Amino acid sequence: MSKRLRLAVELPGEDLLTAISSADHLITNYIKQLNPVYLLLGAERNTPLMGVSPNPGILACWISRRLKNCGLVIAASLQRDHPYNLARRVASFDHISKGRTGILLMAEDHGQSLGLVKRSSWIEEPLSALAVADGMIAMRKLWRTWPRETLHANPEISSAAKVRYAVHQGVFSTSGPLNSPTTLQGNLCCFGM
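What comes next concerns the included structure. What you see is a predicted model; the values in this text were computed from it and never measured. Starting from 1, residues in each chain are numbered consecutively following that chain's sequence as written. Two thresholds apply to this predicted model, a pLDDT of at least 70 for residue-level local features and 80 or more for giving and counting side-chain atom pairs, whereas whole-chain, interface and lining totals are computed over all residues. The side-chain numbers reported here are obtained from all heavy atoms of the structure, hydrogens and water having been left aside.

### Focus on the overall build of the protein chain
Right, on to step 1. Strands are runs of DSSP state E lasting at least two residues, helices are runs of H or I lasting at least four, and both sets are numbered from the N terminus onward. Along the protein chain, the regular secondary structure elements total 6 helices and 7 strands.
Right, on to step 2. N-terminal to C-terminal, the α/β element order of the protein chain is β-α-α-β-α-β-α-β-α-α-β-β-β.
Right, on to step 3. Per-residue burial for the protein chain yields a buried fraction of 45% across its 193 residues.
Right, on to step 4. For the protein chain, the share of sequence-separated contacts (at least 6 apart) that also reach a separation of at least 24 residues comes to 78%.
Right, on to step 5. Residue exposure ignores everything except the shown protein chains as possible cover, and the areas themselves are Shrake-Rupley values with a 1.4 Å probe. For the protein chain, the exposed area adds up to about 10,300 Å²; of that, 58% sits on carbon and sulfur atoms. We call a residue buried when its accessible area falls under 20% of the maximum for its residue type, exposed when it is over 50%, and partly exposed in between, using a 1.4 Å probe and counting protein chains only. Two residues qualify as a contact provided that any one of their heavy atoms is within 4.5 Å of a heavy atom in the partner residue.

Put into structure tokens, the structure is as follows:
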């Protein structure tokens, strides 16, 4: 069995924004030719921004309609959003993209820091690697709370599936089920930075 080289592509938000505003589909045509495993959207927000950086989630929605075969990894941070909010948003994108969404969880998002710099609006201490990992754990627990089977047309299957209650004690304490059923992936792909 021969192995093929598989690519991942990082797309700067400013370039994608230019492509969207000019209705130029050259970028998506080039990406189709490259056939990457996934696209990384918004990673430029990890460093001080030199230009414009549109919301990676909105870009993911736009590009998911044009590219049907590659994954979409959305950069986000716990500076502004609690893990519950991020879990819900990423699950929504995963439903829209039919199971192709992942998240790159960054300690700092220069595009949405709101003057918080190394802090979060949810905790007082700096966002460390421990805080980022804790946020990932909280999100994974939330993604497992509402099984898709509860929506099954067969009453025997739907009644056997139960919505679970996630309890997470840590940097970002979280409890309760997510208000979105699990996605096609079940567990979404999570990366930390």
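### Section: the nonpolar core
Right, on to step 1. We call a set of buried residues a nonpolar core when its members are Ala, Val, Leu, Ile, Met, Phe, Trp, Tyr or Cys and they connect through side-chain atoms within 4.5 Å of each other. The biggest cluster of nonpolar side chains holds 20 residues, and the ones touching the most others in it are Leu86, Ile103, Leu105, Met139, Trp143 and Leu178.
Right, on to step 2. Put simply, the parts of the chain that give this core at least two residues each are α4 (83–96), β4 (101–106) and α5 (129–143).
Right, on to step 3. The dominant element in this core, judged by the number of residues it contributes, is α5, at 6 residues.
Right, on to step 4. By size, the runner-up hydrophobic cluster in this structure holds 15 residues, among which are Ile31, Ala60, Trp62 and Ile63.

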